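Residues per chain are reported as follows:
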Amino acid sequence: MASVSLKKSYKCVQSLQQFYTGGPYAVASDESFLACACNDTIKIVDLSNASIKSTIEGDSEPVTALALSPDNNFLFSASHSRQIRVWDLDTLKCIRSWKVIIFNFLALCCLTSLD
């Protein structure tokens, strides 16, 4: 099996530090943007200049996990509200949500196929 080289660090510029204090984040596969949880909102950040492209609001509790679809079109979030939500990143609308029994998600992943 071929070895995969993963990026080990991302530069945290001062403009990112103004609003991001740590927590879940997901980096786009083309490294053009990242989604990061900021309490009960999600910020979409342009990685070329660390500016906030958009803010997703819609949860009443802190977000605990994030994952991007492989094509970077959808964002999956989980929170203390025990909801998993799917966000369309073109419209910033929640297109699907599920109430779950598990209290706290620490990680999410997105599979392209179950084959």
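A brief look at the structure comes next. (Residues numbered from 1 in each chain as written. Predicted model: local features only at pLDDT ≥ 70, side-chain atom pairs only at ≥ 80, totals over all residues. Heavy atoms only, no water.)

**Thoughts on the environment of Ala65**
Along the chain, Ala65 falls in strand β5 (residues 63–68). On the basis of relative accessible area, Ala65 is assigned to the buried category, the value being 1%. For the pair formed by Ala65 and Ile84, sequence separation is 19 residues and the distance between their alpha carbons is 9.2 Å. (Helix = DSSP H or I, 4+ residues; strand = E, 2+ residues; numbered from the N terminus. Buried < 20%, exposed > 50% of the residue type's maximum accessible area, 1.4 Å probe, protein only.)

**Observations regarding the sheet that holds strand β2 (residues 33–38)**
Across the sheet, which stays open at both edges, the 4 strands sit in the order β1-β2-β3-β4 with antiparallel pairing between neighbours. The strands lining the two open edges of the sheet, one partner per strand, are β1 (25–27) and β4 (51–57). Averaged over neighbouring strand pairs, the angle between their axes works out to 20° when direction is ignored. (Pairing = 2+ DSSP bridges. Axes fitted to C-alpha atoms, helices over the stretch in contact; angles between N-to-C directions.)

**Here's the deal with the pairing of β2**
Within β2, 6 of the 6 residues are buried, leaving the element largely enclosed by the surrounding structure. In β2, alternate side chains face the same way, and those of Phe33, Ala35 and Ala37 on one face and Leu34, Cys36 and Cys38 on the other are all buried. Bridge analysis of β1 against β2 gives 3 bridges, and the strand direction is antiparallel. From the neighbouring strand, Ala26 faces β2, where its bridge partner is Ala35. Here β1 folds back onto β2, and the loop between the two strands holds 5 residues, one of which, Glu31, carries a positive phi near 60°. Where β2 and strand β3 (residues 41–46) come together, 6 bridges link them in antiparallel fashion. Looking at the pairing, Cys36 lines up with Lys43 of β3. Hairpin geometry of β2 and β3 is characterised by an intervening segment of 2 residues between the two adjacent antiparallel strands and by a positive phi of about 60° at Asn39.

**Regarding the sheet that holds strand β8 (residues 93–99)**
The 4 strands are arranged β5-β6-β7-β8 in an open sheet whose pairing can be described as antiparallel. With one partner strand each, in any of the chains shown, β5 and β8 form the two edges of the open sheet. Each neighbouring strand pair of the sheet contributes to a mean axis angle of 20°, computed without reference to strand direction. As judged from the 6 bridges shared by strand β7 (residues 83–88) and β8, these two strands associate in the antiparallel manner. Following the sheet pairing, Trp87 is matched in β8 by Cys94.

**Structural notes on the nonpolar core**
Formed by 14 residues in total, the largest nonpolar core has its most connected members in Ile42, Ile44, Ile56, Leu66, Leu68, Leu75 and Leu89. Among the secondary structure elements, those contributing two or more residues to this core are β2, β3 and β5. Apart from residues no more than four positions distant in its own chain, Leu75 is found in contact with Ala35, Ile42, Ile44, Ile56, Leu66, Ala67, Leu68, Arg85, Val86, Trp87 and Leu89. (Core = buried A, V, L, I, M, F, W, Y, C linked by side-chain atoms within 4.5 Å. Contact = heavy atoms within 4.5 Å.)

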